[in-house]
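Commentary on secondary and tertiary structure
If you want the building blocks of each chain, they are given just below.
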Amino acid sequence: MISREKNQGIIIVGAGIPGLTLAIHLANAGTPVTVIERSGEKDILSDPTPTRTAALMGRSIQFLRETGIWDSIETKCHPMRALSITDWSRTPHQTQHFEAKEIGHATFGLNCPIGPVRHALIKQAKKTKNLTCLFGVQLDTLTQQPGFVSLSLTGKKKPLKAALVIGADGRNSAIRELAYIPFKRKDYVESAVTCIFEHGLPHHDISYENHWPGGPATTVPLPGQTSSLVWVMPTQDVEDVIHFKKHEMEAVINHKIGNRLGEITLMTGLESFPLCTMRVERLTTHRVALMAEAAHGFSPIGAQGLNLSLRDALVLRNTI
């Protein structure tokens, strides 16, 4: 049980989408919450990396809706009504097509841009009662006492105390390290390259998953005639690909997605992210819990990451 002594609320470390979503839900339920984030607020809001999106499924979407941000981000998201999977390693190539209506749903989910969702959550958090956000803060020590946890912060004389500390601070989690929670990580020799592009033909709300010997290239629909791309390739090839000239890159991407969307034009630069899997040996220790990518990491294929992270937030909300 969470202690209800005075000032013994909850500290959430990490102002990513999962941590902020949980913080807003807990604060709306009457629990005092403090969110601590190592990055500065201005740095987050001016993030120049707009290429990442996430395919969110039913429960994740509903949980986000309940924070009150949906009106501000709905027009930036787009439904996925069908999935088309092609194996290009076979001759002739083979394609399987799946419609959401086949399983009684209008969509498989919504493709949502990460940046605008996080920005909307920060704005909502700052006006939520019982919720305090501290940006640009570094952790020094974590002390676990029988009735509370104490966190000391760099440059702050007075430590923060809470009945529970939740680590939602990503794969390089400071809370996980300070709480001495072991984890296992496996790095792959692959990276994911992402971007957003315009195309000459409509996507018809279809996500195209193209499998090649070197790795899959998946397009996910966005509003209008735009889509996001997640292209997995050997890490050793990333540097060469990112330095292609724009028209060369557009031609290569068009080939990798089977020329299905007509002429394409890059709207963003390309970003790359090394792929790994990571899992902690335990999710909790005394008055400390881990969630989201502080607890587990996955490949982006299959839209597992953010959906499971938001499920963590939902389970923690219900448990608390």
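To start, this report covers the structure provided alongside it. (Residues numbered from 1 in each chain as written. Predicted model: local features only at pLDDT ≥ 70, side-chain atom pairs only at ≥ 80, totals over all residues. Heavy atoms only, no water.)

Quick look at the pattern of salt bridges
Per the counting criterion, the structure on display carries 7 salt bridges. Notably, a salt bridge pairs E250 with K246, separated by 2.7 Å at the nearest N-O pair. Note that E250 and K246 are positioned in helix 8 (residues 246-256) at a spacing of 4 residues, about one turn of the helix. Given a relative accessible area of 12%, E250 falls into the buried group. You can call K246 partly exposed: its relative accessible area is 45%. (Salt bridge = Lys/Arg side-chain N within 4 Å of Asp/Glu carboxyl O. Helix = DSSP H or I, 4+ residues; strand = E, 2+ residues; numbered from the N terminus. Buried < 20%, exposed > 50% of the residue type's maximum accessible area, 1.4 Å probe, protein only.)

Notes on the sheet that holds strand 2 (residues 33-37)
Read from one edge of the open sheet, 6 strands run 8-2-1-12-20-19, paired in mixed fashion. Because the sheet does not close on itself, it has two edges, and the strands there are strand 8 (131-135) and strand 19 (284-285). Here 4 bridges tie strand 1 (residues 10-13) to strand 12 (residues 164-167), and the two strands are oriented parallel to one another. Each residue of the ladder has a partner; that of I10, found in strand 12, is L164. (Pairing = 2+ DSSP bridges.)

With respect to unusual backbone geometry
In this model, T91 is joined to P92 through a cis peptide bond whose omega is -5 degrees. On the secondary structure map, P92 appears in the loop between strand 5 (82-87) and strand 6 (94-99). Positive phi is not limited to glycine here, since N259 has a value of about 50 degrees. As for its position among the elements, N259 is in the loop between helix 8 and strand 17 (264-266). Even without glycine at this site, A292 takes up a positive phi of about 55 degrees. Along the chain, the position of A292 falls in the loop between strand 20 (288-290) and strand 21 (296-297).

Some details on the packing of helix 1 (residues 17-28) against helix 9 (residues 305-319)
At a minimum axis separation of 9 Å, helix 1 and helix 9 run at an interaxial angle of 25 degrees. Judged by the angle between their axes, helix 1 and helix 9 are roughly parallel. As helix 1 packs across helix 9, the resulting crossing turns out to be right-handed. Residues I17, P18, T21, L22, H25 and L26 of helix 1 form the contact with helix 9, whose participating residues are L306, S309, L310, A313, L316 and R317. Residue composition of the contact of helix 1 with helix 9, by class: 8 nonpolar, 3 polar and 1 charged. (Axes fitted to C-alpha atoms, helices over the stretch in contact; angles between N-to-C directions. Parallel < 35°, antiparallel > 145°, perpendicular 65-115°, else oblique. Left-handed = near helix turned anticlockwise from the far one by under 90°. Contact = heavy atoms within 4.5 Å. Nonpolar A, V, L, I, M, F, W, Y, C, P; charged D, E, K, R; others polar.)

Points about the sheet that holds strand 7 (residues 109-113)
Here we have 3 strands laid out as an open sheet, ordered 3-7-4, and antiparallel in their pairing. What marks the edges here is a single partner per strand, and that holds for strand 3 (53-56) and strand 4 (78-80). Here the average twist between neighbouring strands, direction ignored, is 30 degrees. One ladder, built from 4 bridges, connects strand 3 with strand 7; its direction is antiparallel. Note that in strand 7 the partner of L56 across the bridge is L110.

Quick word on the packing of helix 3 (residues 58-65) against helix 9
With their axes 9 Å apart at the nearest point, helix 3 and helix 9 run at an angle of 55 degrees to one another. On the basis of the axis angle, helix 3 is oblique to helix 9. Considering how the two elements wind past one another, helix 3 and helix 9 form a crossing that is left-handed. Touching R59, S60, F63 and L64 of helix 3 are N307, L310, R311, A313, L314 and R317, all from helix 9. Split by residue class, the contact of helix 3 with helix 9 holds 5 nonpolar, 2 polar and 3 charged.

Some details on the pairing of strand 14 (residues 206-211)
Strand 14 sits mainly inside the fold: 5 of its 6 residues count as buried. Looking at chain direction, strand 5 and strand 14 are connected through 6 bridges and run parallel. Among the inter-strand pairings, T86 is bridged to a residue of strand 14, identified as N210. Of the pairings in the sheet, the one linking strand 14 to strand 15 (residues 217-222) comprises 3 bridges and is antiparallel in character. Of the residues in strand 15, the one forming a bridge with Y208 is T219.

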